[in-house]
Amino acid sequence: MVDAYEQRALTVFGEYRKLLKPGLNIIPPFVSRTYRFDMRTRTIDVPRQEAITRDNSPVRADAVVYYRIMDARKAFLEVDNYEVAISNLAQTTLRAVIGDMELDETLSRREEINAKIRKELDEPTDEWGIRVEAVEVREVSPSPEVQRAMEQQTAAERRRRAMILEAQGERRSAVEKAEGDKQSNIIRAQGEKQSQILEAQGESISTVLRAKAADSMGERAIIERGMETLEKIGQGESTTFILPQELTSLVGRYGQQLTGSDVQSETQPLESLPFDSETKEWLGLDNIDELLGELDITETDIKGGEADMEKEVVLEQD
């Protein structure tokens, strides 16, 4: 009786006759013998092997081979104990493949090692009626000395990366801080510049308004200043005074209006007269229009400043 997942090789008097299929088979008694072959996929553990890599690093590796019997007749007639044969062949192939690779490659290229071992096993096992379905390297471990050196190398690499990341973070922080300080200085400088501009404009507007008020006062302002000068001269100890002709003429006209003198019968009330060109230049009034054109002030602001100045003058006269 043959199970469904197996085949049996039949010999009669030691001679190979045929393969028995699953089910009931009639064979000659006493002189027949059968050999069982499991047709399912099976595994063979490859013992741990010590090998030397191409860069002279000792390593240990083991693997698992997955195989399947495709032709039970060949497996019976062509090879003695096919499992031992596959295991020995896998061991030598594993050492040869690792010897052709460097240590880093054996640790990182498992798929490449598996493919090479399977390729090396395919040709001889085909003659035995066996197909290698897969090879898996389970573990590749270097010697303890090499492993400690690798751990130290890994730790040093991690420290190097940490230092690089820390330096990059500090650099980025310094750049951002410098950029912030730059923007802050720019904003502060712009504010100071605007403040200075506004302050200068305010001073210019004040000067122009005062000058315009003085310009509107005309001759009356000079007479007032002249009277104050005469008062100060009269308080001095000197008895001899030299007065400019313009000042005596103005004082005479001003006195006629104040005292009602009849030295000149027909006089007009003293009105504000415009300054002549020399007086304007002396008072700094010759470029008033130009200053007003440069400043951003309205006619209402100027008229308001002139009114304030005229009020001050009236109060001083009172």
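Residues numbered from 1 in each chain as written. Predicted model: local features only at pLDDT ≥ 70, side-chain atom pairs only at ≥ 80, totals over all residues. Heavy atoms only, no water.

1. A closer look at a negative patch on the surface
Then comes step 1: On the surface, Glu78, Glu120, Glu123, Asp126 and Glu127 cluster together into a negatively charged patch.
Then comes step 2: Tracing the backbone through its elements, the reader meets Glu78 in the loop between helix 1 (72-77) and helix 2 (82-99). (Patch = residues over 30% accessible without salt bridge, like charges linked within 9 Å, V, L, I, M, F, W, Y side chains within 5 Å. Areas by Shrake-Rupley, 256 points an atom, 1.4 Å probe, with all protein chains shown as cover. Salt bridge = Lys/Arg side-chain N within 4 Å of Asp/Glu carboxyl O. Lys, Arg positive; Asp, Glu negative; His and termini not counted. Charge placed at Lys NZ, Arg CZ, Asp CG, Glu CD. Helix = DSSP H or I, 4+ residues; strand = E, 2+ residues; numbered from the N terminus.)

2. Regarding the sheet that holds strand 2 (residues 15-20)
Then comes step 1: In spatial order, the strands read 2-1-3; together these three strands make up an open sheet with antiparallel pairing. The sheet is open, and its two borders are formed by strand 2 and strand 3 (32-38), each paired with just one other strand. Pairwise comparison of adjacent strand axes, ignoring direction, gives a mean angle of 25° for this sheet.
Then comes step 2: Pairing between strand 1 (residues 6-12) and strand 3: seven bridges, direction antiparallel. (Pairing = 2+ DSSP bridges. Axes fitted to C-alpha atoms, helices over the stretch in contact; angles between N-to-C directions.)

3. Details of the pairing of strand 2
Then comes step 1: Here strand 1 runs beside strand 2; their pairing, made up of five bridges, is antiparallel. In the strand pairing of strand 2, Arg8 is matched with Leu20.

4. Focus on the nonpolar core
Then comes step 1: Core analysis: the biggest nonpolar cluster contains 35 residues, and Phe37, Val65, Ile69 and Ile117 have the highest contact counts within it.
Then comes step 2: Contributing elements (two or more residues each) for this core: strand 4 (42-52), strand 5 (58-69), helix 1, helix 2, helix 4 (110-127) and strand 6 (130-142).
Then comes step 3: With seven residues, helix 2 is the single largest residue contributor to this core.
Then comes step 4: Residues in contact with Phe37, not counting those within four places in the same chain, are Tyr5, Glu6, Gln7, Ala9, Ile69, Ala72, Ala75, Phe76 and Tyr82. (Core = buried A, V, L, I, M, F, W, Y, C linked by side-chain atoms within 4.5 Å. Buried < 20%, exposed > 50% of the residue type's maximum accessible area, 1.4 Å probe, protein only. Contact = heavy atoms within 4.5 Å.)

5. Quick word on unusual backbone geometry
Then comes step 1: At Phe13, a position not held by glycine, the phi torsion is positive, near 55°.
Then comes step 2: Inspection of the secondary structure assignment puts Phe13 in the loop between strand 1 and strand 2.
Then comes step 3: Even without glycine at this site, Asn81 takes up a positive phi of about 55°.
Then comes step 4: Relative to the helices and strands, Asn81 resides in the loop between helix 1 and helix 2.

6. Thoughts on the environment of Thr125
Then comes step 1: Position of Thr125 among the secondary structure elements: in helix 4.
Then comes step 2: Since its relative accessible area comes to 1%, Thr125 is described here as buried.
Then comes step 3: Each C-alpha atom, one on Thr125 and one on Val79, is 9.5 Å from the other, the two residues being 46 residues apart in sequence.
Then comes step 4: Dropping the residues within four chain positions of it, Thr125 is found in contact with Ile86, Leu89, Ile130 and Val132.
Then comes step 5: A distance of 2.6 Å separates a polar atom in the side chain of Thr125 from the backbone oxygen of Leu121. (Polar contact = N/O pair within 3.5 Å; in protein donor to acceptor, adjacent residues only side chain to side chain.)

7. Quick notes on the sheet that holds strand 5
Then comes step 1: Strand order in the open sheet formed by three strands is 4-5-6, with antiparallel pairing between adjacent strands. With one partner strand each, in any of the chains shown, strand 4 and strand 6 form the two edges of the open sheet. Adjacent strand axes in the sheet meet at a mean angle of 20°, parallel and antiparallel pairs treated alike.
Then comes step 2: In this structure, strand 5 lies alongside strand 6, joined through eleven bridges in antiparallel fashion. Across the sheet, the residue bridging to Val59 is Pro142, located in strand 6.
Then comes step 3: Together, strand 4, strand 5 and strand 6 form the strand contacts of helix 2, whose direction differs from that of strand 4 by roughly 35°.
Then comes step 4: Across the sheet, helix 4 touches strand 5 and strand 6, and the angle it forms with strand 6 is around 145°.

8. Concerning the environment of Asp62
Then comes step 1: Following the sequence through the fold, Asp62 ends up in strand 5.
Then comes step 2: Separated by 16 residues in the primary sequence, Asp62 and Val46 place their C-alpha atoms 5.8 Å from one another.
Then comes step 3: Residue contacts for Asp62: discarding those within four places in its chain leaves Val46, Pro47, Arg48, Leu94, Glu136, Val137, Arg138 and Glu139.

9. Quick look at the pairing of strand 5
Then comes step 1: In the sheet, strand 4 pairs with strand 5 via nine bridges, with the strands oriented antiparallel. Pairing of Glu50 across the sheet is with Arg60, part of strand 5.

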